[in-house]
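# Examination of the molecular architecture
What follows is the residue order along each chain.
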Amino acid sequence: MQIYLDGQFLSREEAKISVFDHGFLYGDGVFEGTRVYNGRIFKLKEHVARLFESAHHILLQIPLTEEELAAATLETVRRNKLQDAYIRTVVSRGPGDLGLDPQKCSLATVVIIADKISLFPQELYEKGLKIMTVTTRQRSANTQEPRIKSLNYLNNILVKIEASQTGSMEAVVLNDQGFVVEGSGSNIFIVNKKGELLTPPSYLGILEGITRNTVLELAREEGLTVHKVPFTRHDLYIAQECFLTGTAAELIPVISVDSRTIGKGSPGPVTKKLMDRFGQYARQDGTPVYP
Ligand code: PLP
């Protein structure tokens, strides 16, 4: 495996960062997860743009231009000769001292790893996932904006721990007002009784997923009525269909929430259609790695 680290390509054993890196000491940094389908990087521009927006918000200077970072990402996949992969791009504040002050970190650390990822067993993409709501609430946008894809994922990890302690592979998170926001690392959609597709708006406090945005586009093309609106746990329980989206998760049907069966208890027609459309689209769209 060849890993990009600050302009060099190193083996897994050689790719090491300082214990004084503030990404390690404080979770001070930003990251992206991107997919490669069929030798093409899916939504590369959008992922690079979101990384730079996250960095901009936390006043982190990425020592590359967007074009350079995109080129380094393509080169990482190329060097690893991958056709289908998951890319993790991390930009941390870089090495500093033991104090918090980011100004003491003179140069950000940039890492790009291209590997495989499998969040859920394949059969759950066919049968659907049983999930639960958790007591851990989404952090408020007033304290830490969830639209920043920061290295500080402790809240998401607490959600994941809570879910797995009770035997669920994924969970739904509510915000302080009790509105449904997202999964531990995914966005959520429901289909209501009218056949409309609903997903929480970004102002409620979610990561504005690139998969979510793609699904919204594909759904509109399919002629579905789409609303970005707040909804509650009750709306979720009485939904006809539910599914989660994310770069790592892709589109995965949900068939039960807190033991309440969703719809008929199997992946519904809208979910299946969008999974199909997404699968086709993802294989054709994207920046070719091997021109
Ligand atoms: N929400 C959270 C908290 C995430 O970590 C992710 C995944 O990165 C998503 C949503 C989905 O975003 P995307 O589709 O851009 O991967």
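Numbering of residues starts from 1 in each chain and follows the order in which that chain's sequence is written. Reporting of local features is limited, given that this is a predicted model, to residues whose pLDDT is at least 70; pairs of side-chain atoms are given and counted only at 80 or more, and all residues count toward the totals for whole chains, interfaces and linings. Each side-chain value is derived from all of the structure's non-hydrogen atoms; neither hydrogens nor water enter the calculation.

### A word on the sheet that holds strand β3 (residues 29-37)
One requirement defines pairing of two strands: DSSP has to find at least two bridges between them. A run of H or I in DSSP counts as a helix once it spans at least four residues, and a run of E counts as a strand once it spans at least two, with each numbered from the N terminus. Taken in spatial order, the seven strands line up as β2-β1-β6-β5-β3-β4-β16 in an open sheet, and their pairing is antiparallel. Every other strand in the sheet has two partners, leaving β2 (8-11) and β16 (287-288) as the edge strands with one partner each. By the bridge criterion, four bridges tie strand β1 (residues 2-5) to β2 in an arrangement that is antiparallel. Residue pairing for β2: glutamine 2 is matched across the bridge by serine 11. Here helix α3 (residues 66-79) sits on the sheet in contact with β1, β2, β3, β4 (40-41), β5 (85-92), β6 (109-115) and β16, set at roughly 40° to β6. Any two residues having at least one pair of non-hydrogen atoms within 4.5 Å are treated as being in contact. Axis geometry follows a simple rule: fit a line to the C-alpha atoms, using only the stretch in contact for helices, then measure angles between N-to-C directions, giving values from 0 to 180 degrees.

### What to know about the site of the ligand
For this description, a residue counts as near a given molecule or strand if any of its non-hydrogen atoms is within 4 Å of it. The immediate surroundings of the ligand are formed by 16 residues, with Lys149, Tyr153, Glu182, Thr211 and Thr247 found nearest. For the ligand, an oxygen atom lies 2.6 Å from a polar atom in the side chain of lysine 149. Residues adjacent in sequence count toward polar contacts only when both atoms are side-chain atoms; beyond that, a polar contact is any pair of N or O atoms within 3.5 Å, and within protein one must be able to donate a hydrogen and the other to accept it. Within the side chain of glutamate 182, one N or O atom sits 2.7 Å away from a nitrogen atom of the ligand. Each accessible area value is a Shrake-Rupley result obtained with a 1.4 Å probe; residue values ignore everything except the protein chains displayed when judging cover. For the ligand, whose accessible area on its own is 380 Å², the fraction buried by protein is 94%. Polarity classes work like this: nonpolar for Ala, Val, Leu, Ile, Met, Phe, Trp, Tyr, Cys and Pro, charged for Asp, Glu, Lys and Arg, and polar for all others, with Gly in that last group. Its residues assigned to classes, the shell around the ligand shows three nonpolar, ten polar and three charged.

### Notes on the domain arrangement of the protein
What the domain assignment lists for the protein is domain 1 (2-115) and domain 2 (122-284). Centre-to-centre, using C-alpha coordinates, domain 1 lies 26 Å away from domain 2. Residue-level contacts link 27 residues of domain 1 with 21 residues of domain 2. Contact with domain 2 buries surface across domain 1, with Phe31, Tyr37 and Arg50 losing the most and accounting together for 31% of the total. By definition, a salt bridge exists where a carboxyl oxygen of Asp or Glu is found within 4 Å of a side-chain nitrogen of Lys or Arg. The interface formed by domain 1 and domain 2 includes one salt bridge. With a shortest N-O distance of 3.8 Å, glutamate 250 and arginine 35 are connected by a salt bridge. Linking domain 1 with domain 2 are ten residue pairs in polar contact (both at pLDDT 80 or more), by the criterion used here. The greatest single-element share of the side of domain 1 that touches domain 2, amounting to eight residues, is contributed by β3. Taken together, the residues of the side of domain 1 that touches domain 2 break down into nine nonpolar, ten polar and eight charged. Note that domain bounds follow an automatic or database assignment of domains. Once two parts are joined, some of their accessible surface, as seen by a 1.4 Å probe, is lost; buried area is that loss totalled over both.

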